[in-house]
Amino acid sequence: MELFAQWVVPALVGVGIGILSGLLGVGGGTIMVPVFRLAFGMSPIMSTATSLFTIVPTSISGAISHVRNKTCLPALGLAAGLGGALTSPLGVQLASISPAWLIMMVAALIIAWSAVNILGKAIKAKPKPAPASGAGAAAVPATATAPATAAGVAGASATAAARAGAALDQAASAPSPTDADKLSRKQLLLGGAIGLAAGVASGYVGVGGGFLMVPLFLSVIGIDMRKASGTSLLAVMILAIPGVIQQAIMGNINYVAGIAIAIGSIPGAIIGAKLVTYVPERTLRFIFGGFLLVAAVILVLNEFGILG
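In this text, all values refer to a predicted model and were calculated from it rather than measured experimentally.

With respect to the helices and strands, T48 occurs in helix α3 (residues 44–69). With a relative accessible area of 1%, T48 lands in the buried category. Contacts of T48, omitting those with residues within four sequence positions, involve V33, I103, M104, Y204, V205, G206 and Q247.

Shown next, in the form of structure tokens:
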């Protein structure tokens, strides 16, 4: 039973964390920090250190799948990752001299901010309308005259032809996927700056930094959600490594729990990266955002002893 609780349960939890990581481009720290703190009873600094340790293999497996599926921009991921790698040790150092309650409060604020951001985008996004049924299309009044029907068909054909022509013109003038993936030097520099901020948060709170990079990649760099998720995971893979090394030297990592979670999160991240083109993003955001919001509240209540 002890073996089941120590390895099997964490591995199953890791599968869920990995799937969300691969889908949303986050390292999974926003889930792992509450899990390590509340379910495993670790100290705040050990929770963040073990989370950061587990993020590395999770993000590596997801990033490899995104590169293979061409759902990331490697140059941007490298720029943000290197920027974050420079500041991740600074975040670890700040965490080592901070009060335990402050680390958890900052973690809760970051998790809550991520939840609000995810839920906000889900609310603004409109669900895709259902396709018109064949029965509705067939419900044409039988009293319609033949000339009127012919005129209607001709008009519809002309409209369809015009729309098709416009679509072809638009497609011809649109940049090819290869052109769209080429980033300017300014965009790469902005990516590096985004990585600098994400690195501090990553080292301090034990998260990958995807909660910060994904929305900034969308709004500042101007890439789509799928590319933002994959690129973020690639950056997380790089920026977390220096922080993990520093936490290991300081002896803050619980390797057993971290490896147990990673056993499930590694294949989970691969599955999530493959599902990114199939799973309705709006539904996923509602589920994930709601979970994060609850986790943030529980973290705060637990830190103040309200939960016992």
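Still to come is the rest of the account.
The subject of this paragraph is the environment of T71. Locating T71 in the fold gives a position in the loop between α3 and α4 (74–96). Each C-alpha atom of the pair T71 and A228 lies 8.3 Å from the other, and the pair is 157 residues apart in sequence. Discounting chain neighbours no more than four positions away, the residues touching T71 are H66, R226, K227, G230 and T231. A polar atom in the side chain of T71 sits 2.6 Å from the side chain of H66.

Compared with the 38 Å implied by 1.5 Å per residue over 26 residues, the 37 Å span of helix α11 (residues 225–250) between its first and last C-alpha is a close match. The largest bend in α11 comes to about 30°, at A240, with the proline P242 one to four residues further on. Across the 26 residues that make up α11, a large majority, 19, are buried. For α11, the N-terminal capping position is held by D224, with its side-chain oxygen 2.8 Å away from the main-chain nitrogen of K227. Of the residues one or two after α11, G251 is the one with positive phi, at around 75°.

Criteria and cut-off values
Residues numbered from 1 in each chain as written. Predicted model: local features only at pLDDT ≥ 70, side-chain atom pairs only at ≥ 80, totals over all residues. Heavy atoms only, no water. Helix = DSSP H or I, 4+ residues; strand = E, 2+ residues; numbered from the N terminus. Buried < 20%, exposed > 50% of the residue type's maximum accessible area, 1.4 Å probe, protein only. Contact = heavy atoms within 4.5 Å. Polar contact = N/O pair within 3.5 Å; in protein donor to acceptor, adjacent residues only side chain to side chain. Expected span 1.5 Å × (residues − 1). Bend = angle between axes of the 7 residues up to and from the residue.

Interpretation in functional terms is not warranted from these geometric data alone.
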